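# An overview of the molecular structure
If you want the building blocks of each chain, they are given just below.
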Amino acid sequence: MPEFCDVALPVPLDMAFTYRIPGDAAPVVGARVLVPFRQKRMTGIVVELHDRKSSVETKNIISVLDSIPVLDNQLLRLGRWIADYYLAPIGEVYRTMLPLSAEFKRAIGYRITEEGHMALHLAGMSGSSARSRRTPEEQAAEFRVLDYLAARALEIEPNPADNRAMSATGVPDFSPVLGEAVTSAAEGATNGQNTAADVVLTSGNDAAFVAETSGLVREQTLRSTTHVTRAILNGIVRKKWIAREDLSGAQDASRTIRIAILKSAEGKLNQNQCQLIETIAASGGRMAVEMLQALDVPRSTLRTLTRRGIIDIVEEPAEFRVSRSKPRPSPFEFDFNPAQQSALSRLRAAVEARKFSGMLLHGVTGSGKTAVYLAGMRSILDAGRSAILLVPEIGLTPAVAADLHQIFGDEVAILHSALSDRERAEQWHRIRRGEARMVVGTRSAVFAPVSDLALIIVDEEHDASYKQEETPRYHARDVAVMRAKMANAAVVLGSATPSLESYFNARKNKYALIELPDRVEQRPLPEVEIVDMRLEFQETGHEQVISRKLGAAIQERLDRKEQVMVLLNRRGYSPVVLCRSCGKKLECANCAIALTHHKREHKMVCHYCGYTARVPKACVHCGSEYVYFLGTGSEKLEDLLHGMFPQARIARLDRDTVRGHEDFERTLNALNEGELDLVVGTQMIAKGHDIHGVTLVGVVGADVALGLPDFRAAERTFQLLTQVAGRAGRGQSPGKVILQTYFQDHYAVQYAARHDFVGFYEKELRFRSWMHYPPYSALANVLIRSDELDQALRWSGLLGKWFDATRHEGVRVLGPAAAPILRLKRDYRYHFVLKSPSREKLNVTLRSMLAYATQQKIPRMQVIVDVDALWLM
């Protein structure tokens, strides 16, 4: 067995770390190990085993968490490619690839030191430990902690006489504040009755409890019992009165549910007990404890019945529901049109060749792309192989998962961030064991550990949500292409509005271009009508949110019992609060962004950092009472529609109403069942939903994004308008779209109204070529950030001088300049934009820049490198 192993740890350093392998450990490459790192314990991935001795002293690994690799050779290679291409630390890449955080328990323990015992003793004798710089409340808090930890270490009850003595010598009497919590805990320690909740878990696969005699107490228990803050604990640690230890380790992540089983109903029972027993009996003699706790009976009732042997409580594996969405009609119940048949044939041929093949499936909205995906996946499952289907939004996953579950049964697994950590770990292990060969999910599902991968499908491949906005800043579409190349698999990129880069590659024959030019069953594309809101203002004399034409069209659809969608891609009630006296906006305390008014929650909210403030009654700058709430968000639009159509059943879909995937499923199911007449929302409603009852789509503020300082603004506007227009007329009745805009002559609006992707592509491509933007060059955004403005300016100035003084052939550097959003999440931000026709030269330049930044002692966390950046704000 080799003596050393290199471990990739999730830290912002571009390196692996060498550890010694103890005699009883046998790690393998690709498996997880628990190791000490500085003052913490961390899990990492073994990337190499070797006998090369390090020049510095090496620490031992603590334990091996896996007997077989959690990342096979192919996924390890993929991780190295991501780290190299996106200039991301390899350990952070591997952490992103593994959704197994539920199997690691972070636990901090505290114990009293000899110095702490001495301080406690001296305070009891003479009060000499009292510090003049500390307030009486802080001193009391410190000695509450010391007293509690001393009791746990010695397993004796605190002596009230000691407390009185300390009080007499000037240290505040803290026994009333401690109350029963400390006393009962100490009594438990004396009687050997400590509970599992009061001790921390050690590391290792068999996570055992720390012995009570060790005196270690979990931070959460210590803080809740002694009523102190973390700052107080940090201060006591600095005095060396207590010691902090990281005792993190592995834990069982399996999900269980407690079931109450009725055994008998003998003996005398009171009313509450009878109600509980009757409820369980009505459910077949067994019921989830969670459901019983919802009954209007005391919780002690269940405990009493369990103690008497009338009810047994057992733990069983929790059931996982792939989706609560109602499955749509199977796509195999319909005859494929010639274009669909041709697309399916080409897909199957590419899979059967067992060589890498890239395809761009460009089909208009409603052309049956999903049916082609599912048919291709079914043939792969029949061949005993695996496939991954990526969708951009969590909201789309349940509907697609329901379709897949209807066709493939339990062979389907689902992976996305709305699942709990334990649910994601459970699904990951199902995939790894081969129990699920069809995987559907958002961007992280591209790392699913499937075996014999045959096909990866990226639905709505143009969507910006495939790009991760934190380290590692990978694009799931491009990672899918690379993974398919490594696995000799086929990859299909599908969209009605492909990204310019993907369509450009297809035109250059890097991908095979497959077209679906018509909707299924010869349904027509919706008619699109543009309403010029400038004329609307001139004719009505006041600002309108809903134009007369859109209002009349909604009423007409409601009268015909048809459904309507209205899009406004802006959350909240009013996006700006302005003072009419001084002209200043109410801005976030952490960001250079106006706070948004959320009327129902009675607060102002920053949509970037989550900061909240009270709704102002007067200007916070000048005190004027003339505060003006400006603009319209989706919440205000919903209120307006309720006022205009009081009989309509209206729902709203945005980040404020959808807190989890169940909320989204509930609303979409209601829309599918005809229980809603009108849905208003943000871009959530624009993507991929197949609601046959929707015959009208209204777009309010269709041109909002055109004013952003972003070269992709026109492309994003065209894509959003085309996608939301595609929600209309997907059933038997023809659809109509009404676009309200102040810039009706803009080419993005005009081409979207004509459903003309190719026309938009050719016009936009000319602008991109003139300015050397993608797809004609590779692009990277380098962001310098600091919570101190002077430091951000100094660092960006240093890098700017380095770029000026160093020759970078084939790379154009713009900047430094203030980012469009200068301050975000308390950080001041300056950036560079780098463009180059050669990705290799761009990568070399970025690496040299990072090396220079390290040399200048600019922290790696403060230099953000975003390769193939989609967001330059």
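As a further point, take the sheet that holds strand β31 (residues 736–741). Pairing is parallel across the open sheet formed by six strands, whose spatial order is β21-β31-β30-β22-β29-β28. If you trace the sheet from one side to the other, it starts and ends with β21 (527–532) and β28 (650–653), each paired once. Direction aside, neighbouring strands of the sheet carry axes that sit 15° apart on average. Two elements, strand β30 (residues 694–699) and β31, share four bridges in a ladder whose sense is parallel.

Below, the discussion takes up the packing of aromatic side chains. Following the criterion strictly, the structure yields 19 aromatic pairs and no others. Between Tyr503 and Tyr761, the aromatic rings sit 4.7 Å apart at their centres with planes inclined by 75°, giving edge-to-face as the arrangement. Placement of Tyr503 in helix α17 (residues 500–507) and of Tyr761 in helix α24 (residues 757–771) is noted, with a sequence separation of 258 residues between them. Take Tyr503 and Tyr761: they sit in the same class, and that class is buried. An aromatic cluster of three or more residues is present, and its members are Tyr503, Phe718, Tyr747, Phe757, Phe760, Tyr761, Phe767 and Trp770. Stacked on the ring of Tyr747, the Lys or Arg Lys763 has its end atom at 5.7 Å from the ring centre.

Given a rise of 1.5 Å per residue, twelve residues ought to cover 16 Å, and the 16 Å separating the end C-alpha atoms of helix α9 (residues 271–282) matches this to within 8%. Those residues of α9 not exposed but buried are Gln273, Leu276, Ile277, Thr279 and Ile280. Down the axis, α9 shows its buried residues gathered within 160° of arc, on one side only. More than 90 degrees from the buried face of α9, the exposed residues found are Gln271, Glu278 and Ala282.

Let's shift gears to the packing of helix α22 (residues 713–725) against α24. Between α22 and α24, whose axes approach to 11 Å, the crossing angle comes to 170°. Classed by the angle they form, the pair α22 and α24 counts as roughly antiparallel. Each of Ala714, Glu715 and Phe718 in α22 lies in contact with α24, whose residues at this interface are Phe757, Phe760, Glu764 and Arg768. When grouped by side-chain class, the residues that make up the contact of α22 with α24 number four nonpolar, no polar and three charged.

This brings us to empty space enclosed by the protein. Summed over the entire model, instances satisfying the criterion amount to three cavities of 30 Å³ or more. Val577, Leu578, Cys579, Lys584, Lys585, Leu586, Pro616, Ala618, Cys619, Val620, His621 and Val627 are the residues that line the largest cavity. Looking at the lining of the largest cavity residue by residue, the classes come out as nine nonpolar, one polar and two charged. Taken as a whole, the second largest cavity spans an internal volume of roughly 40 Å³.

By the element assignment, Leu676 lies in the loop between α21 (661–672) and β29 (678–681). In this structure the C-alpha to C-alpha distance between Leu676 and Ile650, which are 26 residues apart in sequence, comes to 6.1 Å. With residues up to four places along the chain from it excluded, the contact list for Leu676 reads Gln563, Arg649, Ile650, Ala651, Thr667, Ala670 and Leu671.

Turning our eyes to something else, we now look at the pattern of salt bridges. Two side chains bearing opposite charge may form a pair once their charged atoms approach each other closely. For the structure on display, the rule yields 44 salt bridges. In this structure, Arg230 and Glu219 form a salt bridge, with 2.7 Å as the shortest nitrogen-oxygen distance. Of this pair, Arg230 sits in helix α8 (residues 230–238) while Glu219 sits in helix α7 (residues 219–226), placing them eleven residues apart in sequence. Residue Arg230 is classed as partly exposed on the basis of its relative accessible area, which comes to 46%. Looking at Glu219, the relative accessible area reads 11%, which means it is buried. Residues Asp312 and Lys263 are paired through a salt bridge, measuring 3.7 Å at the closest nitrogen-oxygen approach. Taken as a pair, Asp312 in strand β13 (residues 311–317) and Lys263 in the loop between β11 (256–262) and α9 lie far apart in primary sequence, 49 residues in all.

With that settled, consider the confidence of the model for the protein chain. Parts of the model with low pLDDT should not have their predicted coordinates read in detail. Summarising the model, the protein chain shows a mean pLDDT of 85, and 89% of its residues fall at 70 or more. Note that residues 128–132 has pLDDT below 50 and, in this model, eleven contacts with residues that lie over four places away or in other chains. Contacts from residues 156–213, a stretch scored under 50 in pLDDT, to residues over four places away or in other chains number 108 contacts.

Another aspect to go through is the side chain of Lys369. Among the structural elements, Lys369 can be located in helix α13 (residues 369–382). Although Lys369 lies buried, it forms no salt bridge, and the closest oppositely charged side chain, Glu460, sits 5.6 Å away as judged by the N-O distance. Within the local environment of Lys369, its side chain forms a polar contact with the backbone oxygen of Val364, the two atoms lying 3.3 Å apart. Beyond its immediate stretch of four places on either side in the chain, Lys369 contacts Leu361, Gly363, Val364, Ser495, Ala496 and Leu516.

Spatial ordering of the open sheet is given by β8-β7-β9, a layout of three strands whose pairing is antiparallel. Looking at the sheet topology across the chains shown, the edges are occupied by β8 (217–218) and β9 (242–246). Relative to β9, strand β7 (residues 108–112) runs antiparallel, the two being bridged by five bridges. Bridge pairing links Ile112 to Ile242 in β9.

A word on the packing of helix α1 (residues 73–85) against helix α16 (residues 476–487). α16 packs onto α1 with a crossing angle of 140° between their chain directions and a minimal axis gap of 10 Å. When the axes of α1 and α16 are compared, the pair comes out oblique. The hand of the α1/α16 crossing is right-handed. For the pair α1 and α16, contact is made by Gln74, Leu75, Arg77, Leu78, Trp81 and Ile82 and by Asp478, Val479, Met482, Arg483, Met486 and Ala487, respectively. Residues of the contact of α1 with α16, tallied by class, amount to eight nonpolar, one polar and three charged.

Turning our attention to the nonpolar core. Counting residues in each nonpolar core, the largest one holds 115 residues, and the members touching the most others are Leu71, Leu78, Leu390, Leu846, Met849 and Val863. With eight residues, α16 is the single largest residue contributor to this core. Leave out the neighbours within four places in its chain, and Val863 touches Val782, Leu783, Ile784, Met849, Leu850, Ala853 and Ile858. Leu361, Leu374, Leu381 and Val412 belong to the second largest nonpolar core, which has 31 residues in total.

Here the focus is the side chain of Arg557. Tracing the sequence through the fold places Arg557 in helix α19 (residues 548–559). Residues within four places of Arg557 in sequence aside, it is in contact with Glu562, Val564, Thr695, Leu696 and Lys736.

Summarising the element assignment, Ser848 is placed in helix α26 (residues 839–855). The spatial distance from the C-alpha of Ser848 to the C-alpha of Thr806 is 9.9 Å, given a sequence separation of 42 residues.

Moving on: unusual backbone geometry. In the segment running from Thr471 into Pro472, the intervening peptide bond is cis, with an omega of -5°. Along the chain, Pro472 falls in the loop between β18 (453–459) and α16. In this chain, Gly815 is followed by Pro816 through a cis amide linkage whose omega measures 10°. With respect to the helices, strands and loops of the structure, Pro816 is situated in strand β33 (residues 812–824). With phi around 50°, Glu460 is a residue other than glycine that occupies positive phi space. On the secondary structure map, Glu460 appears in the loop between β18 and α16. Owing to a relative accessible area of 7%, Glu460 belongs among the buried residues under this scheme.

Parameters and conventions
Residues numbered from 1 in each chain as written. Predicted model: local features only at pLDDT ≥ 70, side-chain atom pairs only at ≥ 80, totals over all residues. Heavy atoms only, no water. Pairing = 2+ DSSP bridges. Helix = DSSP H or I, 4+ residues; strand = E, 2+ residues; numbered from the N terminus. Axes fitted to C-alpha atoms, helices over the stretch in contact; angles between N-to-C directions. Phe/Tyr/Trp six-rings, centres within 6.5 Å; stacked < 30°, edge-to-face > 60°. Buried < 20%, exposed > 50% of the residue type's maximum accessible area, 1.4 Å probe, protein only. Lys NZ or Arg CZ within 6 Å of the ring centre and 35° of its normal. Expected span 1.5 Å × (residues − 1). Arc of directions from axis to C-beta. Parallel < 35°, antiparallel > 145°, perpendicular 65-115°, else oblique. Contact = heavy atoms within 4.5 Å. Nonpolar A, V, L, I, M, F, W, Y, C, P; charged D, E, K, R; others polar. 1 Å grid on protein atoms, 1.4 Å probe; cavity = no way out; pocket = protein on both sides within 12 Å on 5 of 7 lines; lining within 4 Å. Points joined across faces, edges and corners; volume = space filled by probe spheres on them. Salt bridge = Lys/Arg side-chain N within 4 Å of Asp/Glu carboxyl O. pLDDT = per-residue confidence, 0-100. Lys, Arg positive; Asp, Glu negative; His and termini not counted. Polar contact = N/O pair within 3.5 Å; in protein donor to acceptor, adjacent residues only side chain to side chain. Left-handed = near helix turned anticlockwise from the far one by under 90°. Core = buried A, V, L, I, M, F, W, Y, C linked by side-chain atoms within 4.5 Å.

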